[in-house]
Amino acid sequence: MHDVKRIRENPQAFDDAMASRNLPAVSSVIIDVDAERREVLSELQKMQSRRNEIAGLIGRSAHSGADVAELEREALSLKANISLLEKKEADLSGKLNEIMSIIPNIPRPDVPIGPDESANKCVRVVGKPPEFDFPPKAHYDLGEAMGTVDFRSAAKIAGSRFTILRGKVALLERALKNFMLDVHTREFGYEEISVPFLVSSECMYGTGQLPKFSEDSFQTTDGRWLIPTSEVPLSNMVRDMTVPLSKLPLRMTACSPCFRSEAGAAGRDNRGMIRNHQFHKVELVSVVHPDKGEEELERMTGAAETILKKLGLAYRVMLLSTGDMGFSAEKTYDIEVWIPSENTYREISSCSLCGQFQARRMSARYKGDSDKGFPATLNGSGLAVGRTAAAVLENYQLVNGNVIVPEVLIPYMNGTKELDKNG
RNA sequence: GGACAGAUGGCCGAGCGGUUUAAGGCACCGGUCUUGAAAACCGGCAAGGGGGAAACCCCUUCGCGAGUUCGAAUCUCGCUCUGUCCGCCA
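Just so you know, these numbers come straight off a predicted model, no measurement behind them.

1. Quick notes on the protein's contact with RNA strand B
- RNA strand B sits among 18 residues. The nearest are Arg38, Gln48, Arg51, Asn52 and Ala55.
- Considering the 4 Å shell around the protein, atoms of RNA strand B inside it are sugar or phosphate in 75% of instances.
- In this structure, a phosphate oxygen belonging to RNA strand B sits 2.6 Å away from a side-chain N or O atom of Arg38.
- The backbone of Ala55 places a nitrogen or oxygen atom 2.8 Å from a base nitrogen of RNA strand B.
- Looking at the surface near RNA strand B, the elements with two or more residues in it are helix H3 (27-64), helix H4 (69-100) and strand S13 (365-367).
- No other element matches the eleven residues that H3 contributes to the surface near RNA strand B.

Printed below as a string of structure tokens:
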């Protein structure tokens, strides 16, 4: 959500920002509706003031015995006008809100401008992709051959785009979650949070999934939503509250299943664990002073990268262009891991600075002695567990189809050093 | 799921139709006093929004939403949440 005052002060800058997102100019509509709303509000408040005054006079007349018939007549006519104006004001507020709630965040100045992912900028490439003297298999072929990744049963039970993991690969997934959470809590000071996987519409609105992207998530029969990411419950921890400045930065991490309808993804990544309706993700969320956003984004991205470094996986960091950024983001780094079978990098993390955009939607505030306002929020994957498991399987595969367990995971795997057909 | 009780400012808590512009206390901030501290005393102390160059004025908010009324924290209806007990249950 944007600050209407800011738009009023510099409509051109706002329209330019929307243009960089390939969206039409809307500032003039917003300014008009807002001006009308404030005019109505101002008049309404004058009437309310008079109404309160009359009520006071009548109240005090009970003691003085003064005649109040004239006052009551005036109050009655005021009453009708007030309810009329109240309705008008509510309509205008609603209209303004409707427009504002589907406008995305404004990209930061250093975000490359472009139509889509083709304009993304590679910031750095870290690690070297492994070289194989045999054609590397895809993770789903490796897993199925080992009998540890079972798409057939998953389809029987839940339909397409689900995965069942068995034995050592299920353990690998669990090991990855614990490893990631440990790194973030011990090395980066994130507090581990165990969150609800169902959330209210208010939460989905707060982080920006609603009202525009309802078709991307699953809704329950009683009106709740399956979380598409634990960013939603984590960020909404501060919804409708004022956090003391001294408590910032807040850093929270959670591991949760994530549910996505993947509407419109037909035909893409149909095989494997890359694009499922349900996947596990370790999420990072920070709530910081608005001036500390960029600094925190670098820190958060670094925390996510640390996981890949420790796992010995090659990756690159991409700065997303205006055309590829999410709704609530004003700057986003994607981390892409090397996937040998596809001979390319695939997204495994997305770290976004949302500035004050979500805080405004959530009405989350911070307050210090002489400084108060909306904090900046950030969220990032640290990392998508299923995709990390796939990357480990592929990057550490041997010619016989076995998979070496990365050193850092061995303690989390009860000492298992290699995955093989014996599960 | 059933029964009962409750929801008031950062916290506790009074108020149950108009001298309440939400009493009082705690916490916090400033001052007096003190060598310093404590105590005591004095003063200050919610958020959001509208108007204004400013001083300042005004509106809204007593869980949320409707309603009754000239006037609602207070009355009516609906909802949400919390507590206690019962039932069910991992």
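Following the structure, the description resumes.
2. Examining the sheet that holds strand S10 (residues 315-319)
- In spatial order, the strands read S1-S10-S11-S12-S15-S9-S8-S4; together these eight strands make up an open sheet with mixed pairing. Each edge of the open sheet is held by one strand with a lone partner, namely strand S1 (121-126) and strand S4 (191-192).
- Across five bridges, S10 lies against strand S11 (residues 331-339) in antiparallel orientation. Residue pairing in the sheet places Val317 in a bridge with Ile335 of S11.
- Relative to the sheet, helix H12 (residues 385-395) contacts strand S9 (278-288), S11, strand S12 (344-353) and strand S15 (376-384), its axis offset from that of S15 by approximately 35°.

3. Some details on helix H10 (residues 293-311)
- With 19 residues, H10 ought to run about 27 Å at 1.5 Å a step, and its terminal C-alpha atoms sit 28 Å apart, in line with that.
- Burial in H10 covers these residues: Gly293, Glu296, Leu297, Met300, Thr301, Ala303, Ala304, Glu305, Thr306, Ile307, Leu308 and Leu311.
- Looking one or two residues past H10, Gly312 carries a phi angle of roughly 70°, positive in sign.

4. Examining the packing of helix H7 (residues 167-188) against H12
- At their nearest, the axes of H7 and H12 sit 10 Å apart, and the two run at 115° to each other. Of the two elements, H7 crosses H12, and the hand of that crossing is right-handed. Along the contact surface, H7 presents Val169, Leu172, Glu173, Leu176, Lys177 and Met180, while H12 presents Val385, Thr388, Ala389, Val392 and Leu393.
- Its residues assigned to classes, the contact of H7 with H12 comprises eight nonpolar, one polar and two charged.

5. With respect to the pattern of salt bridges
- Evaluated as defined, the whole model comprises 27 salt bridges.
- A salt bridge links Arg108 to Glu294; the shortest N-O distance between them is 3.1 Å. Here Arg108, found in the loop between H4 and S1, pairs with Glu294, found in helix H10; they are 186 residues apart in sequence, far enough to count as distant.
- Assessed through its relative accessible area of 29%, Glu294 is described here as partly exposed.
- The shortest N-O distance in the salt bridge between Arg275 and Asp269 comes to 2.9 Å.
- A relative accessible area of 14% means that Arg275 is categorised as buried.

6. Concerning the packing of aromatic side chains
- A full pass over the atoms with the stated rule returns five aromatic pairs.
- Residues Phe327 and Phe357 carry aromatic rings whose centres are separated by 5.6 Å and whose planes lie at 75° to one another, so their mutual orientation is edge-to-face. Of this pair, Phe327 sits in the loop between S10 and S11 while Phe357 sits in helix H11 (residues 357-362); the two residues are 30 residues apart in sequence, bridging distant segments of the chain. Judged on exposure class, the residue Phe327 and its partner Phe357 are both buried.

7. Focus: the side chain of Ser321
- Looking at where Ser321 falls in the secondary structure, it is placed in the loop between S10 and S11.
- Judged by its relative accessible area of 0%, Ser321 falls in the buried class.
- Filtering out sequence-adjacent residues up to four positions away, Ser321 remains in contact with Val111, Pro112, Gly114, Asp116, Ala119 and Asn120.

8. A look at the pairing of S12
- Most of S12 sits out of view: seven of its ten residues are buried.
- As paired strands, S11 and S12 are joined by nine bridges and run antiparallel to one another. Paired with Lys331 across the two strands is Leu353, which belongs to S12.
- Sheet topology places S12 next to S15; three bridges connect them, and they run antiparallel. The residue bridging Cys351 from the neighbouring strand is Gly380, located in S15.

9. Some words on the environment of Ala359
- Considering the arrangement of structural elements, one finds Ala359 in helix H11.
- For Ala359, a relative accessible area of 0% corresponds to the buried category.
- Note: C-alpha distance between Ala359 and Ala17 (342 residues apart in sequence) is 20 Å.
- Non-local contacts of Ala359, meaning those with residues more than four positions away in its chain, are made with Ala364, Phe374 and Pro375.

10. Details of a negative patch on the surface
- Residues Asp32, Glu36, Glu39 and Glu43 make up a contiguous surface patch of negative charge.
- By secondary structure assignment, the location of Glu43 is in helix H3.

11. A few points about the environment of Ala75
- Examined against the element boundaries, Ala75 turns out to sit in helix H4.
- By relative accessible area, Ala75 is classed as partly exposed at 23%.
- Counting along the chain gives 28 residues from Ala75 to Met47, while the straight-line C-alpha distance between them is 9.7 Å.

12. A closer look at the domain arrangement of chain A
- What the domain assignment reports for chain A is domain 1 (4-100) and domain 2 (117-419).
- On a C-alpha basis, the centres of domain 1 and domain 2 stand 44 Å from each other.
- Opposite the four residues of domain 1 that make contact, domain 2 presents seven residues.
- Carbon and sulfur atoms make up 26% of the surface buried where domain 1 meets domain 2, a total of about 450 Å² over both sides.
- Connecting domain 1 to domain 2 are four residue pairs in polar contact (both at pLDDT 80 or more).

Analysis parameters
Residues numbered from 1 in each chain as written. Chains lettered and ligands numbered in written order. Predicted model: local features only at pLDDT ≥ 70, side-chain atom pairs only at ≥ 80, totals over all residues. Heavy atoms only, no water. Near = heavy atom within 4 Å. Polar contact = N/O pair within 3.5 Å; in protein donor to acceptor, adjacent residues only side chain to side chain. Helix = DSSP H or I, 4+ residues; strand = E, 2+ residues; numbered from the N terminus. Pairing = 2+ DSSP bridges. Contact = heavy atoms within 4.5 Å. Axes fitted to C-alpha atoms, helices over the stretch in contact; angles between N-to-C directions. Expected span 1.5 Å × (residues − 1). Buried < 20%, exposed > 50% of the residue type's maximum accessible area, 1.4 Å probe, protein only. Left-handed = near helix turned anticlockwise from the far one by under 90°. Nonpolar A, V, L, I, M, F, W, Y, C, P; charged D, E, K, R; others polar. Salt bridge = Lys/Arg side-chain N within 4 Å of Asp/Glu carboxyl O. Phe/Tyr/Trp six-rings, centres within 6.5 Å; stacked < 30°, edge-to-face > 60°. Patch = residues over 30% accessible without salt bridge, like charges linked within 9 Å, V, L, I, M, F, W, Y side chains within 5 Å. Areas by Shrake-Rupley, 256 points an atom, 1.4 Å probe, with all protein chains shown as cover. Lys, Arg positive; Asp, Glu negative; His and termini not counted. Charge placed at Lys NZ, Arg CZ, Asp CG, Glu CD. Domains from an automatic or database assignment. Buried area = accessible area lost by both parts, 1.4 Å probe.

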